[in-house]
Amino acid sequence: MHDTQEHYLLLTPGPLTTSDTVRQSMLKDWCTWDDDYNQLVQSVRRDLVRLALNPQGDSAAAEAQHDNAYTAVLMQGSGTASVEATLGTAIGPDDKLLILSNGAYGQRMAEIARYLGLNHQLQEHNELDEINLERLTQTLASDPSFSHVCVVHCETTTGRLNPIADIGHIVKAHNCQFIVDAMSSFGGLPIQVDQLDIDFLVSSANKCIQGVPGFGFVIAKRSALEPLAGRARSLSLDLHAQWRTMEDQNGKWRFTSPTHVVRAFRQALDELFVEGVNGRLQRYRDNQSSLVAGMAKLGFNAMVDECHQSPFITSFFYPEHFAFEFKPFYQALKQHGFVIYPGKVSNADCFRIGTIGEVYPADIARLLSAIEQTVAATVAGTANATKGTQA
Ligand SMILES: *Cc1c(COP(=O)(O)O)cnc(C)c1O
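What counts, and at which threshold
- Residues numbered from 1 in each chain as written.
- Predicted model: local features only at pLDDT ≥ 70, side-chain atom pairs only at ≥ 80, totals over all residues.
- Heavy atoms only, no water.
- Near = heavy atom within 4 Å.
- Polar contact = N/O pair within 3.5 Å; in protein donor to acceptor, adjacent residues only side chain to side chain.
- Areas by Shrake-Rupley, 256 points an atom, 1.4 Å probe, with all protein chains shown as cover.
- 1 Å grid on protein atoms, 1.4 Å probe; cavity = no way out; pocket = protein on both sides within 12 Å on 5 of 7 lines; lining within 4 Å.
- Sits in = over half its atoms within 2 Å of the grid points.
- Helix = DSSP H or I, 4+ residues; strand = E, 2+ residues; numbered from the N terminus.
- Nonpolar A, V, L, I, M, F, W, Y, C, P; charged D, E, K, R; others polar.
- Domains from an automatic or database assignment.
- Contact = heavy atoms within 4.5 Å.
- Buried area = accessible area lost by both parts, 1.4 Å probe.
- Disulfide = S-S within 2.5 Å.
- Pairing = 2+ DSSP bridges.
- Right-handed = clockwise from strand over helix to strand, strands pointing away.
- Axes fitted to C-alpha atoms, helices over the stretch in contact; angles between N-to-C directions.
- Phe/Tyr/Trp six-rings, centres within 6.5 Å; stacked < 30°, edge-to-face > 60°.
- Buried < 20%, exposed > 50% of the residue type's maximum accessible area, 1.4 Å probe, protein only.
- Lys NZ or Arg CZ within 6 Å of the ring centre and 35° of its normal.

*Asks:* Describe the site of the ligand, naming the residues involved and giving the relevant values.
*Replies:* Close to the ligand lie Ser78, Gly79, Thr80, Tyr105, Arg108, Val152, Cys154, Thr156, Asp181, Met183, Ser184 and Lys207, which account for all nearby residues. Thr156 places a side-chain nitrogen or oxygen 2.5 Å from an oxygen atom of the ligand. Expressed as a share of its isolated accessible area of 380 Å², the protein-covered part of the ligand is 86%. Taking a 2 Å distance to the grid points as the criterion, the majority of the atoms of the ligand fall inside the second largest pocket. Residue assignment for the shell around the ligand shows that the elements contributing at least two residues are helix 4 (79-90) and helix 5 (104-116). Residue composition of the shell around the ligand, by class: 4 nonpolar, 5 polar and 3 charged.

*Asks:* I'd like a description of the domain arrangement of the chain, backed by residues and values.
*Replies:* Partitioning the chain into domains gives domain 1 (9-13 + 276-390) and domain 2 (20-275). A straight line from the C-alpha centre of domain 1 to that of domain 2 covers 30 Å. In this assembly, 26 residues from domain 1 lie in contact with 31 residues from domain 2. Summing both sides of the interface, domain 1 and domain 2 together bury roughly 2,400 Å²; the carbon and sulfur share of this comes to 52%. In terms of surface lost to domain 2, no three residues of domain 1 exceed Val277, Arg280 and His308, which account for 28% of the buried area on that side.

*Asks:* Let's hear about the environment of Ala90: which residues, and what values?
*Replies:* Following the sequence through the fold, Ala90 ends up in helix 4. Sequence separation between Ala90 and Pro227 is 137 residues; the distance between their C-alpha atoms is 9.2 Å. If near-sequence neighbours (up to four positions away) are discounted, Ala90 is found in contact with Asp95, His148, Phe200, Leu228 and Arg231.

*Asks:* Describe the state of the cysteines, naming the residues involved and giving the relevant values.
*Replies:* For the structure shown, the criterion picks out 0 disulfides. Of the cysteine sulfurs around Cys154, a residue in no disulfide, the closest is that of Cys208, at 7.7 Å.

*Asks:* Residues and numbers for the pairing of strand 4 (residues 120-124), please.
*Replies:* In this sheet, strand 4 lies alongside strand 3 (residues 97-101) in parallel orientation, the contact comprising 5 bridges. For Leu97, the partnering residue across the bridge sits in strand 4 and is His120. The handedness of the strand 3 to strand 4 crossover, carried by helix 5, is right-handed.

*Asks:* Could you give me a rundown of the sheet that holds strand 10 (residues 215-221), with the residues and numbers involved?
*Replies:* Pairing is mixed in the open sheet, where 7 strands are placed in the order 2-10-9-8-5-3-4. Each edge of the sheet is formed by a strand with only one pairing partner; in this case those strands are strand 2 (70-76) and strand 4. On average, each strand axis in the sheet is inclined to that of its neighbour by 20°, with strand direction left out of account. Here 7 bridges tie strand 2 to strand 10, and the two strands are oriented antiparallel to one another.

*Asks:* Before we move on, can you summarise the packing of aromatic side chains with the specific residues and values?
*Replies:* Two numbers describe a pair of aromatic rings. These are the distance of the centres and the angle of the planes. Considering all chains together, one arrives at 18 aromatic pairs under this definition. Residues Phe215 and Trp253 carry aromatic rings whose centres are separated by 5.9 Å and whose planes lie at 85° to one another, so their mutual orientation is edge-to-face. Note that Phe215 is positioned in strand 10 and Trp253 in the loop between helix 10 (239-248) and helix 11 (259-275), a separation of 38 residues in sequence. The exposure class assigned to Trp253 is buried, which follows from its relative accessible area of 4%. For the ring pair Phe322 and Phe324, a centre distance of 6.2 Å and an interplane angle of 75° mean the geometry is edge-to-face. Taking the relative accessible area as the measure of exposure, Phe322 reaches 10% and is therefore buried. Clustering of aromatic rings is evident, with ring pairs tying together Phe300, Phe316, Tyr318, Phe322, Phe324, Phe326, Phe329, Tyr330 and Phe351. The positively charged end of Lys28 is found above the aromatic ring belonging to Trp30, 4.3 Å away from the centroid. Residue placement shows Arg244 over the ring face of Trp243; its charged tip is 4.7 Å from the ring centre.

Next up, the structure:
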């Protein structure tokens with residue numbers, strides 16, 4: 001029996017399980033305009049650009065070459081606030097945004113575009129389908145007024161990884177700017193923004209970098225961000241103004257910044273650099289492949305094919321060999337110390353299990369054993385209940 005006051009593992013797409021050292025780093029108060037804090041902010045911004053230019057830590061030359069071409073802006077709020085700040089600042093009155101969607105987070109970008117009254121078109125796909133590259137090419141070729149294309153990298157709805165390199169080629173061949181929601185992938189696999197020619201990459205503190213929730217960030221191509229003064233449709237979500245303040249005032253945020261969260265993020269970045277992006281990716285892959293193999297043995301099939309599946313989060317269909325209900329299953333696993341995630345796909349019964357955060361293959365082995373026990377108890381319970389009604 002697991003006390004609810006006790007620590008349980010979050011097997012979710014974030015907020016996720018953080019290390020003790022990340023949590024402990026928050027036990028100090030910071031003054032937002034003090035130099036100590038502003039230096040901390042600047043070091044985080046610098047290291048985010050480093051991570052985006054030289055994710056594997058093996059190409060100092062490439063990093064040096066492009067160091068000044070990209071910059072990082074931190075933005076208060078959850079990840080969505082950073083997506084909204086990016087779209088609301090980057091898309092001008094004469095621009096047109098094409099939104100590629102195969103899941104809830106792509107749909108959320110369309111919702112942002114509707115709220116902000118952006119000139120946009122939504123190219124929808126079924127949640128279980130891949131992005132149709134031919135259709136993308138045709139759309140951009142048939143309408144030269146498109147100026148920007150945005151897509152989600154890891155669509156957290158299903159766990160599918162969209163091919164941002166292939167999409168980026170097409171986007172650039174049509175002279176559009178490329179905006180990537182890499183919320184649930186950045187830091188968990190190498191994404192080289194200069195090679196992919198990404199103009200704006202958006203992510204947040206509480207996903208693969210394994211910080212705590214409270215802010216998001218944008219890695220922006222300087223030449224794309226610089227001309228955007230006065231464009232934003234929102235004061236607090238003005239990406240350009242936030243950037244200028246950070247640049248001109250040495251790491252100052254315009255409004256109260258989540259100081260403890262930024263300090264925790266500094267610690268999380270240090271821990272990522274020790275593990276290395278490749279090391280982290282390997283750990284997530286080990287977590288995910290042992291999860292999928294173990295789940296298949298217990299009758300739970302993954303929704304996305306292995307070749308499109310991200311190592312970050314996996315959707316599983318409800319099993320068919322017994323009467324499965326998510327709520328009691330969730331509660332039983334929570335008693336064992338694991339918190340999983342409900343499904344988000346519209347036309348299929350599924351649930352999700354995240355494999356990111358301070359989570360190791362040994363944790364996945366314990367989870368699988370807890371699932372096995374839960375399934376056995378459910379099947380036995382169902383059999384007894386059936387016997388009971390027959391008697
Ligand atoms: C987590 C996530 C977001 C942001 O969600 P918030 O709840 O606002 O932090 C956006 N896009 C994707 C793909 C995500 O996984």
